[in-house]
Amino acid sequence: MHNHRTSVTQFIIEEQRKLQGATGDFTSLLNDVTTACKVISNLVNHGELVGVLGAAGSENIQGEEQKKMDIITNDVFLQTNEWAGHLAAMASEEMDDIYHIPDGNPKGKYLLTFDPLDGSSNMDVNVSVGTIFSILRCKGDCQNPIAEHFLQAGTEQVCAGYALYGPSTMLVLTTGQGVNGFTLDMNIGEFVLTHPNMTIPEETREFAINASNMRHWEEPVKRYVDECLQGKEGPRGEDFNMRWVASMVAEVHRILTRGGVFMYPIDEKMKAKGTEGKLRLMYEANPMSFIVEQAGGASTTGRERIMEIQPKELHQRVPVVLGSKNEVERITSYHNE
Ligand code: AHM
Ligand code: MG
């Protein structure tokens, strides 16, 4: 007998049926987003065979070197999502300003933000990379969207997700009813439900942080990591393991799978430069926080819940501490002491 698996499309349509007044708009939008992720997955898989590795020779608005793939994948996202009429506008880590739907295409009631290729420095060394996205409702005049329309707290997100281009390509999604994971079946070109109801274990013995910044860390972060490193002999009484992939998507996926905590905190070096963090609120921190909270974890800057931050600007950066609840609460308590 044929073993039927739920495709992501079927899953979203069934979710939509539970909502009163749903028009199918959101379902179609999500379909386009997953198509974009499939196109990117194909490019990532082919790598230098299709000549996409290396630097583009340009910088993004944060002054970071852009990879060829940052620009290509950004275009894929725009082209796949600009025509169907579900969106009022888009915003991306790789574009200075918001992206307007081209004249002649209908506009819709949603806003899409994305980091088309997170961890792109890992492309050239053939390590996992990902795509992160978030969907908001456009409130106000959606025929003439402006950047201010995007400045909504993370709690307003309608949907958040990521695609992880690893040994297999996965799509992990939340619409506020838990978190579900889908694996791309290359033979049929569909994401199929393989990881229903993903939840983060509360207890963990694993942390992730770029330790090369240790000398710049604030006291609470130093204390937390130091206590982990002391292992069995220290105040935690247990040995901890450390990981750093330098692809946030891979890091969050590991945490969803086996628990752990991920930190990109603010440090003295950032403060001296007037930066509030490394990761971006709209494209990275908010969508990942939504997913992590929906999976039973927690997400904070160390001082406040990320999803409650009222964004001040599109490209705002924030400190990020997320993962297993007990560890995130411990780190928060160190910040409060
Ligand atoms: P990117 O969006 O430019 O790729 O930067 C974000 C990435 C995250 O995926 C990752 O957690 C972090 O930057 C790695 O930073 P570092 O280079 O300090 O290790
Ligand atoms: Mg990124």
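Residues numbered from 1 in each chain as written. Chains lettered and ligands numbered in written order. Predicted model: local features only at pLDDT ≥ 70, side-chain atom pairs only at ≥ 80, totals over all residues. Heavy atoms only, no water.

Q: How should the overall build of the protein chain be read in this particular structure?
A: The helix and strand inventory of the protein chain stands at 8 helices and 17 strands. Against the globule reference of 20 Å for 337 residues, the protein chain gives a C-alpha radius of gyration of 20 Å, in line with a compact fold. Dimensions along the principal axes, computed over C-alpha positions, put the protein chain at roughly 65 × 55 × 45 Å. For the protein chain, the residues scored as buried account for 57% of the 337 residues in total. Counting only contacts in the protein chain whose residues sit at least 6 apart along the sequence, the fraction spanning at least 24 positions is 63%. (Helix = DSSP H or I, 4+ residues; strand = E, 2+ residues; numbered from the N terminus. Rg over C-alpha atoms; globule rule 2.2 N^0.38 Å. Buried < 20%, exposed > 50% of the residue type's maximum accessible area, 1.4 Å probe, protein only. Contact = heavy atoms within 4.5 Å.)

Q: Could you clarify how one ought to interpret the sheet that holds strand E10 (residues 190-195) in this entry?
A: Either a parallel or an antiparallel arrangement is found when strands of a sheet pair, and the pairing is made through backbone hydrogen bonds. Overall, mixed pairing links the 8 strands, which are arranged E4-E3-E5-E6-E7-E8-E9-E10 in an open sheet. Both edges of this open sheet fall to strand E4 (99-100) and E10, since each of them pairs with a single strand only. Sheet topology places strand E9 (residues 179-185) next to E10; 5 bridges connect them, and they run antiparallel. Looking at the pairing, Thr 183 lines up with Val 192 of E10. (Pairing = 2+ DSSP bridges.)

Q: How do you make sense of the coordination of the magnesium ion (ligand 2) when you look at a structure like this?
A: Octahedral six-donor coordination of a metal ideally yields angles of 90 or 180 degrees, compared with 109.5 degrees for tetrahedral four-donor coordination. Taken together, Asp 115 (OD), Asp 118 (OD) and Glu 284 (OE) make up the protein donors of the magnesium ion (ligand 2), found 1.8 to 2.1 Å from the metal. Mapped onto the sequence, the residues coordinating the magnesium ion (ligand 2) show the spacing D-x2-D-x165-E. Remark: Glu 284 occurs in helix H7 (residues 281-294) and Asp 115 occurs in strand E5 (residues 110-118); sequence separation between them is 169 residues. Residue classification places Glu 284 among the buried positions, given a relative accessible area of 0%. (Donors = N, O, S within 2.8 Å, 3.2 Å for Na, K, Ca; no water.)

Q: Which parts of the structure should I look at to understand the packing of aromatic side chains?
A: The geometry of two aromatic rings is summed up by the distance between their centres and the angle between their planes. This structure, assessed with the given rule, holds 5 aromatic pairs. Ring centres of Phe 26 and Tyr 110 lie 6.0 Å apart, and the angle between their planes is 55°; this geometry places the pair in the tilted category. One end of the pair, Phe 26, is in helix H2 (residues 25-46); the other, Tyr 110, is in strand E5, and 84 residues separate them in sequence. An identical accessibility class is assigned to Phe 26 and Tyr 110; each is buried. These aromatic residues form a ring-pair network of at least three members: Trp 244, Phe 262 and Tyr 264. (Phe/Tyr/Trp six-rings, centres within 6.5 Å; stacked < 30°, edge-to-face > 60°.)

Q: What exactly am I supposed to notice about the site of ligand 1 here?
A: With respect to spatial proximity, 17 residues lie near ligand 1, and among them Glu 93, Asp 118, Gly 119, Met 248 and Tyr 264 are the closest. Between ligand 1 and the protein, one listed contact pairs an oxygen atom with a side-chain N or O atom of Arg 280 at 3.4 Å. For ligand 1, the protein covers 84% of the area, taking 470 Å² as the surface of the free molecule. Elements with a minimum of two residues in the shell around ligand 1: E5, strand E13 (261-264) and strand E14 (279-280). Residues belonging to the shell around ligand 1 are distributed by class as follows: 6 nonpolar, 4 polar and 7 charged. (Near = heavy atom within 4 Å. Polar contact = N/O pair within 3.5 Å; in protein donor to acceptor, adjacent residues only side chain to side chain. Areas by Shrake-Rupley, 256 points an atom, 1.4 Å probe, with all protein chains shown as cover. Nonpolar A, V, L, I, M, F, W, Y, C, P; charged D, E, K, R; others polar.)

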